[in-house]
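Secondary and tertiary structure notes
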Amino acid sequence: MLRTQLAAAALLLFATTTNCQQQSCMGSQLSSLMATAGTTRDAYTPDGPVAKRIASVTPYFPFKGIPKFYDIGGFLKDPEAFALVVEVLVERYRNEDITSICGLDARGFVLGPPLALALKKPFFMLRKKGKMPNVVTGEAYAKEYAGNDALSIPRGAVSAGDKVLVIDDLVATGGTLLAAIELIKKFDGKIVECACVVELKFLDARGAFDKKGHGDVPIWAMMSEDILTLDGLADASIPTDGYVDDGEAH
């Protein structure tokens, strides 16, 4: 029953808030949604009821040699679940003192803009090296699955004293987030938080932050691997005929 109520409330939120012209309207709609759903803000906690609704349509697959590669495409094609993802982020950060929102290449580009529009904050991208003009490129970092990469920040995206919220879909070893943190701090910006939909806690990104001297930067994630139990290859509702993981980085 709660899942049905949340789904209906998510659709109501999506339909009504897209036409709101003021941030205060978003706040009132969120309050209305929580009342309609018969729940409280506790439902928005990591691995809570709303997170479980989103996890129920977020499958994992063997990919690039990783046994469980979590695919946010699952909730992106479910408008109710996607609305809930944005709603949770809006509720968490609507009263925070944020200058801008930064999305990481590439799935942070999906999650960051609706949040930035709802909060009426500027959005900027950190893209992989060679993808944008007029940028400053940071040091190379190791990816969790294979190879190295580097991130680039647009010139002028961050000024001294700016308070930046960093958004990505998933944090594993923390390598990409650390590269983002170092670029933002290079321009004397402060990272309010690194927000992700999924955190793979066993890979201890928080420990990596401490080792690199960035223990002051908090990580917040909507859900952990503990509630992500949808096996994409085993679920009959997910078309996977002919899928084979070649185990290679792409």
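Refer to the preceding data block for the structure.
Overview of the structure. The structure displayed is predicted, hence computed values, not measured ones.

In this section: the overall build of the chain. A tally of helices and strands in the chain yields 8 helices and 11 strands. Within the chain, buried positions represent 49% of all 250 residues. Taking contacts inside the chain between residues at least 6 apart in sequence as the whole, the part at least 24 apart equals 68%.

Here helix α5 (residues 79–93) is 15 residues long and its end C-alpha atoms lie 21 Å apart, about the 21 Å a rise of 1.5 Å per residue gives. Buried residues dominate α5, accounting for 11 of its 15 residues. Buried residues of α5: Ala81, Ala83, Leu84, Val85, Val86, Glu87, Val88, Leu89, Val90, Glu91 and Tyr93, and no others.

Okay, the packing of aromatic side chains next. According to the stated counting rule, one finds 4 aromatic pairs in the structure shown. Geometrically, the ring pair formed by Phe63 and Phe69 is edge-to-face, given 4.8 Å between the ring centres and 85° between the ring planes. Taking relative accessible area as the criterion, Phe63 reaches 26% and is therefore assigned partly exposed. Judged by its relative accessible area of 17%, Phe69 falls in the buried class. For the ring pair Phe75 and Phe82, a centre distance of 6.2 Å and an interplane angle of 45° mean the geometry is tilted. Judged by its relative accessible area of 0%, Phe75 falls in the buried class. Given a relative accessible area of 22%, Phe82 falls into the partly exposed group. Across the ring face of Tyr60, the terminal group of Lys68 is positioned such that the distance to the ring centre comes to 4.9 Å.

Reading guide: rules and limits
- Residues numbered from 1 in each chain as written.
- Predicted model: local features only at pLDDT ≥ 70, side-chain atom pairs only at ≥ 80, totals over all residues.
- Heavy atoms only, no water.
- Helix = DSSP H or I, 4+ residues; strand = E, 2+ residues; numbered from the N terminus.
- Buried < 20%, exposed > 50% of the residue type's maximum accessible area, 1.4 Å probe, protein only.
- Contact = heavy atoms within 4.5 Å.
- Expected span 1.5 Å × (residues − 1).
- Phe/Tyr/Trp six-rings, centres within 6.5 Å; stacked < 30°, edge-to-face > 60°.
- Lys NZ or Arg CZ within 6 Å of the ring centre and 35° of its normal.

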